[in-house]
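Each chain is listed here by its residues.
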Amino acid sequence: MRVLLKTKAAVVAVLMASTTMGAAEDVEVLHWWTSGGEAAALNVLKQDLEGQGIGWTDMPVAGGGGEQAMTVLRARVTAGNAPTAVQGLGFDILDWGNQGSLANLNDVAAKEGWDDVVPDALKSFAKVDGKWVSAPVNVHSTNWVWANKAVLDANGIAVPTSWEEFTAALETLKAAGVTPIAHGGQAWQDATVFDAVAMSVLGPDGYKAAFIDLDEETLGSDGMKEAFDRMAVIRANVDDNFSGRDWNLATAMVINGEAGFQMMGDWAKGEFLNADKVPGEDFLCFRFPGTADQVTFNADQFMMFDQGGAVSAEQAALASAILSPSFQSAFNVVKGSVPARTDVSDADFDACGKQGMKDLAAAAASGNLFGSMAHGHAAPASVKNAIYDVVTAHFNGEYDSETAVEELVDAVSIAK
Ligand code: BGC
């Protein structure tokens, strides 16, 4: 069964359908991997489990960033019908764990030595009170830019390394009649762009102070106003039809040469690969100018919902399959992310994947690895949503940068 949910109204239909889904020995997996590249990656996991004789009941809920999926999840849990396994991010996992909704995976984790191979940055979102409650699948990062190489070459544009070079490239593309930036006007996409822009202006200390420590002074600083000013420049370089566009359709604009750049997490690479495009030849990946040494990360994990007792054999098998080094390589090669274990070889990864693994290790070692605000790894959902509202309102021209800064300070102080 394949259900694509676009609206909250569809939740009711799902609740009804789900009661008839899934034999006892199946795993029912709720996720938001519905684009071509994401579905290709998910198939790696499905096939792995099917090879072990475990059935898969698919519960896809469309909507990048997972907001709609989390709405469906809340409805399912409230109805006493939690799925077996659920894709989750950062603070959402901790919330469910703290509520006691998740099964304890410590036995399988101890048997397989997860503590030794999963980095601390991920463990802090996978363990609650010393208990493993979710299985880390990958590490994505949000401060990437994706470019069409032929478009850049045709316009004499080299990979920009500063904001000034980036804006010059945008001007050149605009003059050539190419959409400079492919973007989808959805709150989570606006916020994904903001992750990188804020990091480039505020630097690592400022990013941490603003989005992780929620420091009022930094949220209200001149640097934050500058970040909003840069968002306005980006807004001036998207096409007229950006509003509401799904992220993978924006990626397609770069793939087919309609647009020069997309600022997006490395799940975008999955779309290029799914379209048979080759990094370095057809497309380029680089860190947003001014953030070359930083990584703003988010890690997909599968939370195992307590089905009324100990972790089930199927949940343990799913968790074990996810953490296996061969799966971590095979899946992440396709998905665009990098492994959640530190001991997986980069041999099978393409140039962008190898760079992603190197950047992650370097950022972790130099104290430059930070949770993505946009993808729920900097602050709890209430704060994240408050920041989303301000970023999106400003992006859509509801107010200027100075007002945006004031709104940001107020919104965060109310939400936290
Ligand atoms: C997830 C990715 C996913 C992306 C777009 C992010 O929050 O971590 O796995 O591909 O959203 O749907």
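Rules and cut-offs
Residues numbered from 1 in each chain as written. Predicted model: local features only at pLDDT ≥ 70, side-chain atom pairs only at ≥ 80, totals over all residues. Heavy atoms only, no water. 1 Å grid on protein atoms, 1.4 Å probe; cavity = no way out; pocket = protein on both sides within 12 Å on 5 of 7 lines; lining within 4 Å. Points joined across faces, edges and corners; volume = space filled by probe spheres on them. Nonpolar A, V, L, I, M, F, W, Y, C, P; charged D, E, K, R; others polar. Domains from an automatic or database assignment. Helix = DSSP H or I, 4+ residues; strand = E, 2+ residues; numbered from the N terminus. Pairing = 2+ DSSP bridges. Contact = heavy atoms within 4.5 Å. Axes fitted to C-alpha atoms, helices over the stretch in contact; angles between N-to-C directions. Core = buried A, V, L, I, M, F, W, Y, C linked by side-chain atoms within 4.5 Å. Buried < 20%, exposed > 50% of the residue type's maximum accessible area, 1.4 Å probe, protein only. Near = heavy atom within 4 Å. Polar contact = N/O pair within 3.5 Å; in protein donor to acceptor, adjacent residues only side chain to side chain. Areas by Shrake-Rupley, 256 points an atom, 1.4 Å probe, with all protein chains shown as cover. Sits in = over half its atoms within 2 Å of the grid points.

A. Inspection of empty space enclosed by the protein at higher detail. Under the criterion given, the structure shown has five cavities of 30 Å³ or more. What the largest cavity holds in volume is close to 90 Å³. Lining the largest cavity are 15 residues, and of these Trp32, Glu38, Gly65, Trp267 and His375 lie nearest its centre. Classifying every residue of the lining of the largest cavity by side-chain character gives six nonpolar, six polar and three charged. Domain assignment of the residues forming the lining of the largest cavity places at least three in each of domain 1 (3–139 + 298–359) and domain 2 (141–296 + 366–415). Approximately 50 Å³ is the volume found for the second largest cavity. Forming the walls of the second largest cavity are Val139, His140, Ser141, Trp144, Asp266, Arg287, Val295, Phe297, Val338, Gly356 and Leu360. If you list the elements that add at least two residues to the lining of the second largest cavity, you get strand S7 (140–141), strand S12 (295–298) and helix H17 (351–365). Its residues placed into classes, the lining of the second largest cavity shows six nonpolar, three polar and two charged. Of the domains in this structure, domain 1 (3–139 + 298–359) and domain 2 (141–296 + 366–415) are the two that each give at least three residues to the lining of the second largest cavity.

B. Looking closely at the sheet that holds S7. Taken in spatial order, the three strands line up as S7-S12-S14 in an open sheet, and their pairing is mixed. Each end of this open sheet is capped by a strand with a single partner; those strands are S7 and strand S14 (369–371). Where S12 and S14 come together, three bridges link them in parallel fashion. In the strand pairing of S14, Val295 is matched with Leu369. Relative to the sheet, helix H10 (residues 187–212) contacts S12 and S14, its axis offset from that of S14 by approximately 55°.

C. Structural detail: the nonpolar core. Among the nonpolar cores identified, the biggest contains 74 residues, and Trp146, Phe194, Phe211, Met224, Phe228, Phe261 and Met263 are the most heavily contacted of them. Tallying contributions element by element places H10 first for this core, with twelve residues. Residues contacting Met224, with those up to four places away along its chain left out, are Phe194, Leu202, Ala210, Phe211, Thr218, Leu219, Val405 and Leu408. Counting 63 residues, the second-largest nonpolar core is a separate cluster that includes Leu73, Leu122, Ala126 and Leu318.

D. Inspection of the site of the ligand at higher detail. In the region of the ligand, 14 residues are neighbours, and Glu38, Asn298, Asp300, Lys335 and His375 sit closest. Residue Asp300 places a side-chain N or O atom 2.6 Å away from an oxygen atom belonging to the ligand. One nitrogen or oxygen atom from the side chain of His375 is found 2.8 Å from an oxygen atom belonging to the ligand. Computed on the free molecule, the ligand has an accessible area of 310 Å², of which 100% lies beneath the protein chains in the complex. Structurally, the ligand is housed in the largest cavity. There are two domains that each give the shell around the ligand at least three residues, and those are domain 1 (3–139 + 298–359) and domain 2 (141–296 + 366–415).

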